[in-house]
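Architecture and fold: a report
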Amino acid sequence: GLASWASLALAHEQGLRELAVTGAGALPEAHKWLRAYHPDLFLMAAEQPPAEDYPLLQHRHHADGALRFYLCRGYACRQPVKNPDALQDIWTDS
């Protein structure tokens, strides 16, 4: 109903937030974000570099394999953060 139209209008006006979660523990961390309601979120996660070519995950894995969060809009990403608390801080600023 009306809430769906409002969410669509908001996404059209502001764009979707894109979250790439990579490295060790990426999948459990991604599941934590999926438990909350984020109507403007597109999320991808991978613990290893994906075999497929996914633009949001491209060049997001580091040699150390550490967990990193990339918050983006229109594939333009902020500097990655390494812990969920830091992600929450930049989430509220975006």
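Cut-offs applied
Residues numbered from 1 in each chain as written. Predicted model: local features only at pLDDT ≥ 70, side-chain atom pairs only at ≥ 80, totals over all residues. Heavy atoms only, no water. Helix = DSSP H or I, 4+ residues; strand = E, 2+ residues; numbered from the N terminus. Buried < 20%, exposed > 50% of the residue type's maximum accessible area, 1.4 Å probe, protein only. Contact = heavy atoms within 4.5 Å. Core = buried A, V, L, I, M, F, W, Y, C linked by side-chain atoms within 4.5 Å. Disulfide = S-S within 2.5 Å. Pairing = 2+ DSSP bridges. Right-handed = clockwise from strand over helix to strand, strands pointing away. Lys, Arg positive; Asp, Glu negative; His and termini not counted. Salt bridge = Lys/Arg side-chain N within 4 Å of Asp/Glu carboxyl O. Polar contact = N/O pair within 3.5 Å; in protein donor to acceptor, adjacent residues only side chain to side chain.

Points about the side chain of R68
With respect to the helices, strands and loops of the structure, R68 is situated in strand β3 (residues 68-73). We classify R68 as buried; its relative accessible area is 8%. Residues in contact with R68, not counting those within four places in the same chain, are A20, V21, T22, H62, P80, V81 and K82.

Structural notes on the nonpolar core
Membership of the largest hydrophobic core comes to 14 residues, with the highest contact counts inside it found for L19, V21, W33, L43, F69 and L87. At the level of elements, β1 (17-22), α2 (26-35), β2 (41-46), β3 and α3 (84-93) are the ones that each hand at least two residues to this core. Once you skip the residues sitting within four places of it in the chain, F69 turns out to touch L19, A20, V21, E29, W33, P80, V81, K82, N83, P84 and L87.

Structural notes on the state of the cysteines
In total, this model carries one disulfide according to the counting rule given. Shown here is the disulfide that connects C72 with C77, its sulfur atoms set 1.9 Å apart. Negative torsions about the S-S bond denote left-handed disulfides, and the value of about 90° found for C72 with C77 makes this one right-handed. With a relative accessible area of 2%, C72 lands in the buried category.

Overview of the pairing of β2
When β1 meets β2, the two strands line up parallel, connected through six bridges. Bridge pairing in β2 links L19 to L43. Since β1 and β2 lie parallel, the crossover through α2 that links them has a hand, and here it is right-handed.

Notes on the side chain of E18
Tracing the sequence through the fold places E18 in strand β1. Nearest to the buried, unbridged E18 among oppositely charged side chains is R60, at 7.1 Å. At a separation of 3.2 Å, a polar atom in the side chain of E18 contacts the main-chain amide nitrogen of G74. Aside from chain neighbours lying at most four places away, what touches E18 is F42, L56, Y70, L71, C72, R73, G74 and Y75.

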